Amino acid sequence: MTEAILLVGGKGTRLRPLTVHTPKPMVPAAGVPFLTHQLARARAAGVDHIVLATSYLAEVFEPHFGDGSALGLHLEYVTEKEPLGTGGALRNVAERLSSGPDEPVLVFNGDILTGLDIRALVDTHESTGADVSLHLTKVTDPRAYGLVPTDDTGRVLAFLEKPQTPEEIVTDQINAGAYVFRRSVLDTIPAGRPVSVERETFPGLLAAGAHLQGMVDSTYWLDLGTPAAFVRGSADLVMGRAPSPAVPGRRGDRLILPTARVASDAKLTGGTVVGEGAFVAEGARVCGSTILPGAVIEPGAVVTDSLIGSRARVGERSVLTGAVVGDGAVVGADNELRDGVRVWCDARIPAGAVRFSSDQ
């Protein structure tokens, strides 16, 4: 297997304001754009040609990655003029592939952090003679996901919508967002219109008698669609819980990029990343958080499980927990921002303006 399609066209609406200026796969995780980790893992598995299916802020990708040679890859870019869904995006880029009709093509999504054994998925696909093979993972609470039951041999039996009642939970297996397609199957997807592989392509193939094979791999798996998940994924990469050959430094409690500055008495823990040109001042405590390039954490601030955007500033003694601060925003001194709060890009919060406790 030498070819793959990477779906990176989504708008990342659940991640806003992080994705106002940056497409989701290009938001830094563990010091580099998240997409870098996916490309590096694909290359390590033997992939050498990847077509990126782009749409939202498509102009950002090629200037950063170029032809892919720096990663040992041959990269191509195809931009959708109108959103085509997952299946439509695959059909839209299929002509860029050089694989023969029966050869395998890897497909993966630009927002899933996973420890999937890519070679094992391809080997399963080839050994079973499947038309499409799917990476499945087991989850403790499957109510938020579509379910994919399989028989004793791993052959997919159905694609079920999110269960609404306990009786509908017939399996804990869900679609984990990585596939291997027989090349000829991609050409059966309708061209020029939106198509969902999950709701149209896969059920249609199953109804037509195609062989869809599931491979359960319950190693690390995380959908990075929300700010909290993205921050956790970055921290897990830094601490080595999630595998990637692209982390630019040693695994551990913190990752400080080369031009970042951190005061000697500042405390960084929990997989915190301090990006290029960022500054963490004296007495600050940062745990499990991502500080993007050029951001400033002022003296005595406490930042936990949060993401601080590029060129943003967190004021003295401010306490942030589970917060997202957009690019260029300023949180003044002595504020308290708690779980789920999103400060939009370039917003200004005056000193002491937001509190969850007394100011005394």
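Fair warning: this is a prediction, and the values are worked out from it, not measured in the lab.

Asker: Where do I start with unusual backbone geometry in this structure?
Answerer: Outside of glycine, negative phi angles account for most residues, and trans bonds account for most peptide bonds. Cis geometry marks the peptide bond from Arg16 to Pro17; its omega dihedral reads 15 degrees. Here Pro17 is to be found in the loop between strand 1 (3-7) and strand 2 (28-29). Unlike most non-glycine residues, Ala30 shows phi in positive territory, near 55 degrees. Mapping Ala30 onto the fold places it in the loop between strand 2 and strand 3 (32-33). On the basis of relative accessible area, Ala30 is assigned to the buried category, the value being 0%.

Asker: What's the story with the nonpolar core in this structure? I'm lost.
Answerer: The tendency in soluble globular proteins is for nonpolar side chains to be buried as a group. Core analysis: the biggest nonpolar cluster contains 28 residues, and Ile5, Leu90, Val132, Phe181, Leu186 and Phe202 have the highest contact counts within it. Contributions of two or more residues to this core are made by strand 1, strand 4 (49-54), helix 3 (85-93), strand 6 (104-109), strand 8 (132-138), strand 9 (173-182), helix 5 (183-186) and helix 6 (197-207). Apart from residues lying up to four places away in sequence, Leu90 is in contact with Ile5, Leu7, Val107, Phe181, Leu186, Ile189 and Val197.

Asker: What am I meant to see in the environment of Glu298 here?
Answerer: When you line up the elements, Glu298 lands in the loop between strand 19 (296-297) and strand 20 (302-304). For Glu298, a relative accessible area of 17% gives the class buried. The spatial distance from the C-alpha of Glu298 to the C-alpha of Ala281 is 5.1 Å, given a sequence separation of 17 residues. If near-sequence neighbours (up to four positions away) are discounted, Glu298 is found in contact with Ala281, Ala284, Arg313, Val314, Gly315 and Glu316.

Asker: Please explain the packing of aromatic side chains as it appears in this structure.
Answerer: Any aromatic ring pair is given by two values, namely how distant the centres are and how the planes are angled relative to each other. Evaluation of the coordinates by the stated rule reveals six aromatic pairs. The structure contains a cluster of three or more aromatic residues connected by ring pairs, namely Phe159, Tyr179, Phe181 and Phe202. The lysine or arginine in question, Arg261, covers the ring of Phe279, its NZ or CZ lying 4.4 Å from the ring centre.

Asker: Hey, could you run me through the sheet that holds strand 4 in this one?
Answerer: Whenever strands of a sheet pair, they do so through backbone hydrogen bonds, lying parallel or antiparallel. Reading across the sheet, the seven strands line up as 5-4-1-6-9-8-10 and stay open at both edges, with mixed pairing between neighbours. Across the chains shown, the open sheet's two edge strands, defined by having one partner strand only, are strand 5 (74-79) and strand 10 (212-216). Each neighbouring strand pair of the sheet contributes to a mean axis angle of 25 degrees, computed without reference to strand direction. In this structure, strand 1 lies alongside strand 6, joined through four bridges in parallel fashion. For Ile5, the partnering residue across the bridge sits in strand 6 and is Val107. Against the sheet, helix 6 engages strand 8, strand 9 and strand 10, with an angle of about 65 degrees to strand 9.

Asker: Please explain helix 4 (residues 118-128) as it appears in this structure.
Answerer: It helps to recall that an α-helix has 3.6 residues per turn; residues three or four apart then point in one direction. Residues Ile118, Leu121, Val122, Thr124 and His125 constitute the buried set of helix 4. Buried residues in helix 4, looked at end-on, bunch into an arc of 155 degrees, giving them a common side. The secondary structure elements touched by the buried residues of helix 4 are helix 1 (34-44), strand 6, strand 8, strand 9 and strand 10. Capping the start of helix 4 is the job of one residue whose side-chain oxygen sits 3.3 Å from the backbone nitrogen of Arg119: Asp117. Gly129 sits one or two residues past helix 4 and shows a positive phi near 70 degrees.

Reading the values: rules and limits
- Residues numbered from 1 in each chain as written.
- Predicted model: local features only at pLDDT ≥ 70, side-chain atom pairs only at ≥ 80, totals over all residues.
- Heavy atoms only, no water.
- Helix = DSSP H or I, 4+ residues; strand = E, 2+ residues; numbered from the N terminus.
- Buried < 20%, exposed > 50% of the residue type's maximum accessible area, 1.4 Å probe, protein only.
- Core = buried A, V, L, I, M, F, W, Y, C linked by side-chain atoms within 4.5 Å.
- Contact = heavy atoms within 4.5 Å.
- Phe/Tyr/Trp six-rings, centres within 6.5 Å; stacked < 30°, edge-to-face > 60°.
- Lys NZ or Arg CZ within 6 Å of the ring centre and 35° of its normal.
- Pairing = 2+ DSSP bridges.
- Axes fitted to C-alpha atoms, helices over the stretch in contact; angles between N-to-C directions.
- Arc of directions from axis to C-beta.
- Polar contact = N/O pair within 3.5 Å; in protein donor to acceptor, adjacent residues only side chain to side chain.

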